[in-house]
Amino acid sequence: MIEFNKAPFTGRETQYMQEAIEGRKLCGDGPFTKKCHTFLTERFGAAAAFLTTSCTHALEMAALLTGIGPGDEVILPSYTFCSTADAFVQRGATLVFADIRPDTMNLDEKIIEAAITPRTKVIAVVDYAGVACEMDTIRKIADRHHLQIVEDAAQGFGATYKGRPLGLLGDFGCFSFHETKNISMGEGGALLLPDLSRREEAEIIREKGTDRSRFFRGQVDKYTWVDYGSSYLPSDLNAAYLLAQLEICDNINADRMRTWNFYDAALRDLAEAGRIEQPFIPEGCIHNAHMYYIKVKDLAERTALIAHLKANGVQAVFHYVPLHSAPAGQKFGRFAGEDKWTTRESERLVRLPLYYRLSEEDAETVVNAVQSFFK
Ligand SMILES: *Cc1c(COP(=O)(O)O)cnc(C)c1O
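Presented here is an overview of the structure given in this document. (Residues numbered from 1 in each chain as written. Predicted model: local features only at pLDDT ≥ 70, side-chain atom pairs only at ≥ 80, totals over all residues. Heavy atoms only, no water.)

Let's talk about the state of the cysteines
Simply put, the disulfide is a covalent bond whose two ends are the sulfur atoms of two cysteines.
Thought 1: As enumerated under the stated definition, the model contains 0 disulfides in all.
Thought 2: In this structure C36 is not part of a disulfide, and its nearest cysteine sulfur, from C249, lies 11 Å away. (Disulfide = S-S within 2.5 Å.)

What to know about the pattern of salt bridges
Thought 1: Taken as a whole, this structure holds 26 salt bridges when the rule is applied.
Thought 2: As a salt-bridge pair, R348 and E277 come within 3.1 Å of each other at their nearest N and O atoms. Here R348 is found in the loop between α14 (342–346) and β13 (349–352), whereas its partner E277 is found in the loop between α11 (268–272) and β10 (285–286), with 71 residues between them in sequence.
Thought 3: Between E345 and R348 there is a salt bridge, and its shortest N-O distance comes to 2.9 Å.
Thought 4: Taking the relative accessible area as the measure of exposure, E345 reaches 1% and is therefore buried.
Thought 5: By sharing partners, the salt bridges in this structure join E277, K295, R344, E345 and R348 into a single network. (Salt bridge = Lys/Arg side-chain N within 4 Å of Asp/Glu carboxyl O. Helix = DSSP H or I, 4+ residues; strand = E, 2+ residues; numbered from the N terminus. Buried < 20%, exposed > 50% of the residue type's maximum accessible area, 1.4 Å probe, protein only.)

Observations regarding the side chain of T104
Thought 1: Note that T104 resides in the loop between β3 (94–98) and α5 (112–115).
Thought 2: Classification of T104 as buried rests on a relative accessible area of 3%.
Thought 3: In contact with T104, not counting residues within four places along its chain, are Y128, V131, F280, P282 and Y293. (Contact = heavy atoms within 4.5 Å.)

As for the sheet that holds strand β7 (residues 164–165)
As a general point, the strands of a sheet are linked pairwise by backbone hydrogen bonds and lie either parallel or antiparallel.
Thought 1: Strand order in the open sheet made by the 3 strands is β7-β6-β10, with antiparallel pairing throughout. Every interior strand has two partners, whereas the edge strands, β7 and β10, have only one. (Pairing = 2+ DSSP bridges.)

Some words on the packing of aromatic side chains
Thought 1: This structure, assessed with the given rule, holds 16 aromatic pairs.
Thought 2: Centre to centre, the rings of W260 and Y292 are 5.1 Å apart; their planes meet at 75°, and the pair counts as edge-to-face. Of the two residues, W260 is situated in helix α10 (residues 249–266) and Y292 in strand β11 (residues 292–295); the sequence distance between them amounts to 32 residues. Across the pair, exposure class does not vary: W260 and Y292 are buried alike.
Thought 3: Each residue in the set Y79, F81, Y128, Y293 and Y320 is aromatic and connected to the rest through ring pairs, giving one cluster.
Thought 4: Taking the ring centre of F32 as reference, the NZ or CZ of K35 above it sits at 5.4 Å. (Phe/Tyr/Trp six-rings, centres within 6.5 Å; stacked < 30°, edge-to-face > 60°. Lys NZ or Arg CZ within 6 Å of the ring centre and 35° of its normal.)

Overview of the pairing of β3
Thought 1: Among the 5 residues in β3, 4 count as buried, and that is most of the element.
Thought 2: By the bridge criterion, 5 bridges tie strand β2 (residues 73–77) to β3 in an arrangement that is parallel. Bridge assignment links P77 to a residue of β3, and that residue is A98.
Thought 3: Note that the unit made of β2, helix α4 (residues 82–90) and β3 has a crossover that is right-handed. (Right-handed = clockwise from strand over helix to strand, strands pointing away.)

Some points on the site of the ligand
Thought 1: Taken together, 15 residues are adjacent to the ligand, and T56, D152, Q155, S176 and K181 come closest.
Thought 2: One nitrogen or oxygen atom from the main chain of C55 is found 2.9 Å from an oxygen atom belonging to the ligand.
Thought 3: When grouped by side-chain class, the residues that make up the shell around the ligand number 5 nonpolar, 8 polar and 2 charged. (Near = heavy atom within 4 Å. Polar contact = N/O pair within 3.5 Å; in protein donor to acceptor, adjacent residues only side chain to side chain. Nonpolar A, V, L, I, M, F, W, Y, C, P; charged D, E, K, R; others polar.)

So, the sheet that holds β2
Thought 1: Spatial strand order, β1-β9-β8-β5-β4-β2-β3-β12: 8 strands in an open sheet with mixed pairing. The open sheet has two free edges, formed respectively by β1 (48–52) and β12 (333–335), since each of these has just one partner strand. Strand-to-strand, the axes of this sheet are offset by a mean angle of 20°, without reference to chain direction.
Thought 2: Where β1 lies against strand β9 (residues 189–193), 5 bridges are found, and the strand directions are antiparallel. (Axes fitted to C-alpha atoms, helices over the stretch in contact; angles between N-to-C directions.)

Some details on the environment of A129
Thought 1: Mapped onto the elements, A129 comes out in the loop between β4 (120–126) and α6 (135–144).
Thought 2: Along the chain, A129 and N106 lie 23 residues apart, while their C-alpha atoms are 9.3 Å from each other.
Thought 3: Apart from residues no more than four positions distant in its own chain, A129 is found in contact with Q155, H287, N288, H290, M291 and Y293.

Things to note about the pairing of β2
Thought 1: Most of β2 sits inside the fold, with 5 of its 5 residues counted as buried.
Thought 2: Of the two faces of β2, both are covered, the one formed by E73, I75 and P77 as well as the one formed by V74 and L76.

Focus: unusual backbone geometry
Thought 1: The backbone of A129 sits at a positive phi, close to 60°, despite the residue not being glycine.
Thought 2: We note that R357 has phi near 70°; this positive angle belongs to a residue other than glycine.
Thought 3: Relative to the assigned elements, R357 resides in the loop between β13 and α15 (360–373).
Thought 4: The exposure class assigned to R357 is exposed, which follows from its relative accessible area of 58%.

Here you go:
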């Protein structure tokens, strides 16, 4: 069976983890975490980066930092992972789901303004498949209405929008280093800040509400509980694993890109014959080969295709069941306007195996299996 995903492993993880163990400093913010922070700030030009235990937790930190609360509203796509929504539900906010664009599966910038009410406080965008939303437009809307932007860049590591890195397109950027993402530490994530204005608050939230970071910098002579917080920092052991991946992240993404491009070229005939649709990458966007998906006619055809692929030794999967149709989505939110594309497009989408070091031979098997279905 060609699996849908295999956790990336580069070789150096073991050495770094051993060093972390022998250094006897396994708690958070140890030497490997610091190296990861330096890497992330330098690489992306972020003012600050904080490793977290997950992207879910980075989103929670972001939601806390926005100050959103009961009675406030957040506009977000319904076609996303539940973590995008969970962070705001936890603050007591109301979810306002807006429709996606059928071409990128991202929040449709043209309908956001119609979903804004006097209670709207945040727009939460998701970079689906590592492809950015139309952020220049969304930024203008946010500025016009004094809204903050939380960017769920869980899938966006290494991708760019008009030359700017994903994760730094909003006021708060959230990466995931879950083992299903391009760069991994098993479970983990990061919060990125574009400027220093919220750095201290973020440090306090991440360190159980204490000013421990200021203490370590020597700015205060003892640390105190100063505000609400939680524990969002991962063990240095996980950071050691991550550092090995960050160091060769360009190789990892380039390797995935080879498979992505192979699929895209090999399946073009089917697209030209009108049997499938392929991913669309808007001008100005450079994606990171996080995902290769195709869209088929409808739900019935997709179910049949996934079964056919399985019978041919290929594990393919669909993606999000729209949040507004889930029990929690109904409890905590509403759909603004018409669901023209979210349900329809989500039912047609299927993701093909894609991971670091997927062999060419396996990629060919995948393509052959897709082609044989349509024969
Ligand atoms: C993977 C993912 C998350 C959750 O990431 P974790 O690190 O597992 O918490 C959130 N949002 C999106 C869009 C994702 O793809």
